[in-house]
Amino acid sequence: EPEVTQTPSHQVTQMGQEVILRCVPISNHLYFYWYRQILGQKVEFLVSFYNNEISEKSEIFDDQFSVERPDGSNFTLKIRSTKLEDSAMYFCASSEAPAASYEQYFGPGTRLTVT
Amino acid sequence: KQEVTQIPAALSVPEGENLVLNCSFTDSAIYNLQWFRQDPGKGLTSLLLIQSSQREQTSGRLNASLDKSSGRSTLYIAASQPGDSATYLCAEKETSGSRLTFGEGTQLTVNP
């Protein structure tokens, strides 16, 4: 069964460093998303992406965040200068379309630890 | 702003029991509602999606219902098994926008 994959599974970085989290969405999906879950808190939406541009972003997704689809298969989230509060599990998701009948499928997540 | 709430936060039941998990949302302009399962330290596994035009959806031992007028969804698990132990999340998608808004989850423990 097709699935969303993410790499790395765990990333440790020092405060102020740049990190890139990678995702391979399901191959026939056109809509891509990033969410995060700080330990013990709700899953929060960051950004959605379609047709090589951001379609929606949350207030969390400020100038230190960016997303890119560098090729036909990968979807990346870049955090330019990490802060301690960026420590969280980051989930990538994809869907065929945003319509009501289409589920969002989530990857296993990347645990980001900022020290 | 849409708010999604799940009660209870935790639930412990003996194996074989039927149970209901609750999800409430504040905005009736709902597009669909998705139920997920999350195992400790793992990703989210989609269980069921119920569209705003539907009243319920079934998959195996799982049944999800949606009542837009009361702003509630329930996930019914029949004949629970220890393998059902996990955190169950509901997430709502509004008519406008692409984001899912998640509840806090209900941590379910099924005791053998």
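Residues numbered from 1 in each chain as written. Chains lettered and ligands numbered in written order. Predicted model: local features only at pLDDT ≥ 70, side-chain atom pairs only at ≥ 80, totals over all residues. Heavy atoms only, no water.

Go over the interface of chain B and chain A with me, naming the residues and quoting the values.
Contacts between the two partners involve 23 residues from chain B and, on the opposite side, 25 residues from chain A. For the pair chain B and chain A, the summed buried area comes to about 1,800 Å², and 50% of that belongs to carbon and sulfur atoms. When the buried area of chain B at its contact with chain A is split by residue, Ser-98, Arg-99 and Phe-102 of chain B rank highest and sum to 30% of it. Taken together, the links from chain B to chain A amount to one salt bridge. Note that Glu-56 of chain A is salt-bridged to Arg-99 of chain B, the shortest N-O span being 2.7 Å. For the pair chain B and chain A, the interface holds 10 residue pairs in polar contact (both at pLDDT 80 or more). Every element with two or more residues in the side of chain B that touches chain A is listed here: strand E4 (30-38), strand E5 (44-51), strand E9 (86-94) and strand E10 (100-102) of chain B. In terms of residue class, the side of chain B that touches chain A is made up of eight nonpolar, 10 polar and five charged. (Contact = heavy atoms within 4.5 Å. Buried area = accessible area lost by both parts, 1.4 Å probe. Salt bridge = Lys/Arg side-chain N within 4 Å of Asp/Glu carboxyl O. Polar contact = N/O pair within 3.5 Å; in protein donor to acceptor, adjacent residues only side chain to side chain. Helix = DSSP H or I, 4+ residues; strand = E, 2+ residues; numbered from the N terminus. Nonpolar A, V, L, I, M, F, W, Y, C, P; charged D, E, K, R; others polar.)

Describe the nonpolar core, listing the residues and the values that go with them.
Core analysis: the biggest nonpolar cluster contains 23 residues, and Trp-34, Leu-46, Phe-61, Val-67, Phe-75, Leu-77 and Tyr-90 of chain A have the highest contact counts within it. Taken together, the elements giving at least two residues each to this core come down to strand E3 (19-24), strand E4 (31-37), strand E5 (43-50), strand E7 (65-68), strand E8 (75-79), strand E9 (88-95) and strand E11 (110-114) of chain A. Every residue in contact with Leu-77 of chain A, bar those within four places of it in the chain, is listed here: Val-19, Ile-20, Leu-21, Trp-34, Leu-46, Phe-61, Phe-65, Ser-66, Val-67 and Tyr-90 of chain A. Grouped together as the second largest cluster of nonpolar side chains are 21 residues, Trp-35, Ile-50, Leu-75 and Cys-90 of chain B included. (Core = buried A, V, L, I, M, F, W, Y, C linked by side-chain atoms within 4.5 Å. Buried < 20%, exposed > 50% of the residue type's maximum accessible area, 1.4 Å probe, protein only.)

Go over the sheet that holds strand E6 (residues 56-59) of chain B, please, and point to the residues and values.
Residue and element names in this part refer to chain B. Spatial strand order, E1-E3-E8-E7-E6: five strands in an open sheet with antiparallel pairing. Both outer strands of the open sheet, strand E1 (4-7) and E6, are each paired with one neighbouring strand and no more. Adjacent strand axes in the sheet meet at a mean angle of 15°, parallel and antiparallel pairs treated alike. Inspection of the sheet shows strand E3 (residues 19-25) paired to strand E8 (residues 72-77) by six bridges, in the antiparallel sense. If you follow Asn-22 over to E8, its bridge partner there is Thr-74. (Pairing = 2+ DSSP bridges. Axes fitted to C-alpha atoms, helices over the stretch in contact; angles between N-to-C directions.)

Quick one: what's the story with the pattern of salt bridges, residue by residue and with numbers?
Residues and elements named next belong to chain A. The full count for this structure, using the stated rule, is four salt bridges over all chains. Glu-44 is the salt-bridge partner of Arg-36, the closest N and O atoms lying 3.2 Å from each other. According to the relative accessible area criterion, Arg-36 is buried, its value standing at 10%. Owing to a relative accessible area of 24%, Glu-44 belongs among the partly exposed residues under this scheme.

Any details on the state of the cysteines? Residues and values, ideally.
All names here are of chain A. For the structure shown, the criterion picks out two disulfides over all chains. Residue pairing for Cys-23: its cysteine sulfur links by disulfide to Cys-92, the two sulfurs lying 1.9 Å apart. Given an S-S torsion of about -65°, the disulfide between Cys-23 and Cys-92 has left-handed geometry. Of the two residues, Cys-23 is situated in strand E3 and Cys-92 in strand E9; the sequence distance between them amounts to 69 residues. The pair formed by Cys-23 and Cys-92 is uniform in burial state, with each residue classed as buried. (Disulfide = S-S within 2.5 Å.)

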